[in-house]
Amino acid sequence: MSYVALYRKYRPQTFDDVIGQDHIINTLKNQIVGNKVSHAYLFTGTRGTGKTSTAKIFARAVNCPHAVENNGSPCGKCPTCQQLLGANMDVIEMDAASNNGVDYARDIREKVQYPPVAGPYKVYIIDEVHMLSVGAFNALLKTLEEPPKHALFVLCTTEVHKIPATILSRCMRFDFRLVPTATLANHVASIFDKENKPYTKEATYAIAQAGEGSVRDCVSIADRCYSCTTGTLTYDDVMAVLGVSSKNSIAKLCKAILTNNTSDILTETDTLVKEGKDVARLSKDLSLYIKDLLTVKVCKNANEMLSLPDDAYFQLVELAKQVQVPKLLFAIDTLVGLENGLRYALSPLMLFESAALKIGASTGEVDVEGLDRRITRLEQQPQNLTAESMVVVDKTNAQSVWRGVKVKLEQLGDPLLLGIWKDISVRFEGGNFVVNCGKGAHTLIELQYKMQLNKLIKMFCDKTIEYQLVEKENSGDLDRRLQSLASTVKFEGGTGKPV
Ligand SMILES: Nc1ncnc2c1ncn2[C@@H]1O[C@H](COP(=O)(O)OP(=O)(O)O)[C@@H](O)[C@H]1O
Ligand SMILES: [Mg+2]
Ligand SMILES: [Zn+2]
């Protein structure tokens, strides 16, 4: 028998097979049960989160005569369901990436008029719909404006911002989410169970984590791991398949950096590179490890969240005791900032090593003297400022002063405080400049930004500065901020700045 890739073998066949998208599945089921199906849907979200699969199930559900009594799901057994599972004329799947022209859209417009054969609906699933040309969108729009009663469109896209507003306004929109690691891990485990493949829990978590929220990626990785090992699949097997530097050597390097052991920093890096480790990959693995450390430091249920083998976890805990949060934040910040540089550097290794040494030497606290120098430089050299960086501030208006501070902060290139900017508001009160902070902002300011902020505010007005903690509803507390900071730091693509 030929080998079928796991992600195809386990394509969801019923709504209940779709994981991590309950908010969407429930709504769709309700629409079917309540007979409130609309004519056009837009499914958006990262690749591999279930858009096409859900569209296909939905296409069967609207046609299956037993769907209503079946709580909105297609029964899968009746002649209609059987017919729609095979080749048929009523569910038409198109890929706009390869057919994006206006002729194609006109063709749809004509053919959609012919009634369906098997059930009440003729369903068009248009994948990657953002690739349609302008002409094709216009032709499609005409169809969406006056669809025949039997027509149902499901437009799928990973790039919703490229869809014209005229189309958006005619569709019911569903946003497919990235699937949480724990849900992915359970999914992988259930696939391995069905395949009679023994595994350890840590192995499934490592696979889930590598999937980064995409079910398809995750199942593909599971497939690779599955076929390259006989016997029980372990955490180390997964690491080997992923080509991740062994946690142990990363742990050693990380410890050298965070405890500022210069000679170990250089020798550990050297060892890893000699093993054939790519520097960019090394930098990424290191940031992930530091992210784990941060999790151990700030989250009470870190053990549960990380799902690491015990010895790896205790190694983290030991190291976490020796470092402070600001230093970890500084390390992540530096490594993420390094990402772009590494791509273009003549000597990536040298760049990496100097960053590692810099992290080692820093406490993560603001270097007040250095800051002083930078601010003085900004003050003394207005000719060096470009037009857009000039700040004109109205000293009698607190908001204006605050905008000035923000521009200066941006010039100083400090992303952390800017990341929690919305938690801060300011006002004048008598002779005081009052800075209202949410808990997260307040902690961060007390921890490392007070001097810097004071100095910047003084550049624009000479009031007494007062920091007030306001407990707003929903204002982020430091724990949550740091957690979400840690979990949103993306190490691939993007601007690479943690926010
Ligand atoms: N939410 C999900 N639940 C279960 N499996 C999924 C899910 N999303 C994706 N998959 C798996 O990934 C494969 C591709 O999914 P697909 O629906 O084509 O994703 P998308 O259209 O969002 O890129 C499916 O065959 C299935 O194995
Ligand atoms: Mg798809
Ligand atoms: Zn049926």
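A brief look at the structure comes next. On a predicted model such as this, the values are computed, not experimentally measured, just so you know.

**Some remarks on helix α2 (residues 22–33)**
Moving on, step 1. Across its 12 residues, α2 extends 16 Å between first and last C-alpha, which sits within 8% of the 16 Å expected from 1.5 Å per residue.
Moving on, step 2. Within α2 the residues assigned to the buried category are Ile 24, Ile 25, Leu 28 and Ile 32. Seen end-on, α2 carries its buried residues on one side only, within an arc spanning 95 degrees. Of the exposed residues in α2, the ones pointing more than 90 degrees away from its buried face are Asp 22, His 23, Asn 26 and Asn 30.
Moving on, step 3. Residues of α2 that are buried make contact with α3 (51–63) and β5 (172–175).
Moving on, step 4. A positive backbone phi angle near 55 degrees is found at Asn 35, which sits one or two residues after α2.

**A short note on the nonpolar core**
Moving on, step 1. Counting 48 residues, the largest nonpolar core has Tyr 41, Val 123, Ile 125, Phe 153, Val 154 and Leu 155 as its most contacted members.
Moving on, step 2. When residues of this core are traced back to their parent elements, those giving at least two are α2, β1 (40–44), α3, α4 (79–85), α5 (102–111), β3 (122–127), α6 (134–145) and β4 (151–157).
Moving on, step 3. Ignoring anything within four residues of it in the chain, the contact list for Tyr 41 reads Phe 153, Val 154, Leu 155, Cys 171, Met 172 and Phe 174.
Moving on, step 4. Counting residues in hydrophobic clusters, the runner-up holds 35 residues, among them Ile 265, Leu 282, Leu 286 and Leu 328.

**Thoughts on the pairing of strand β7 (residues 432–437)**
Moving on, step 1. Only one face of β7 is covered, namely the face carrying Phe 433, Val 435 and Cys 437; the face carrying Asn 432, Val 434 and Asn 436 is uncovered.
Moving on, step 2. Here strand β6 (residues 424–429) pairs with β7 via six bridges, running antiparallel. What sits directly across from Val 426, in β7, is Val 435.
Moving on, step 3. Where β6 hands over to β7, the hairpin turn is made up of two residues, of which Gly 430 adopts a positive phi near 60 degrees.
Moving on, step 4. Bridge count between β7 and strand β8 (residues 464–469): six bridges; the pairing is parallel. Counterpart to Asn 436 in the pairing with β8 is Gln 468.

**Focus on the packing of helix α9 (residues 201–211) against helix α10 (residues 215–228)**
Moving on, step 1. Two numbers describe how α9 lies on α10: the axes approach to 8 Å, and their chain directions differ by 135 degrees. Relative to α10, the element α9 is oriented oblique. Pair α9 / α10 crosses with right-handed handedness. Contacts between α9 and α10 pair Ile 207, Ala 208, Ala 210 and Gly 211 from the former with Asp 217, Cys 218, Ile 221, Ala 222 and Cys 225 from the latter.

Definitions and cut-offs
Residues numbered from 1 in each chain as written. Chains lettered and ligands numbered in written order. Predicted model: local features only at pLDDT ≥ 70, side-chain atom pairs only at ≥ 80, totals over all residues. Helix = DSSP H or I, 4+ residues; strand = E, 2+ residues; numbered from the N terminus. Expected span 1.5 Å × (residues − 1). Buried ≥ 20, exposed ≤ 12 C-beta atoms within 10 Å, placed from the backbone. Arc of directions from axis to C-beta. Contact = placed C-beta atoms within 7 Å. Core = buried A, V, L, I, M, F, W, Y, C linked by C-beta atoms within 7 Å. Pairing = 2+ DSSP bridges. Axes fitted to C-alpha atoms, helices over the stretch in contact; angles between N-to-C directions. Parallel < 35°, antiparallel > 145°, perpendicular 65-115°, else oblique. Left-handed = near helix turned anticlockwise from the far one by under 90°.

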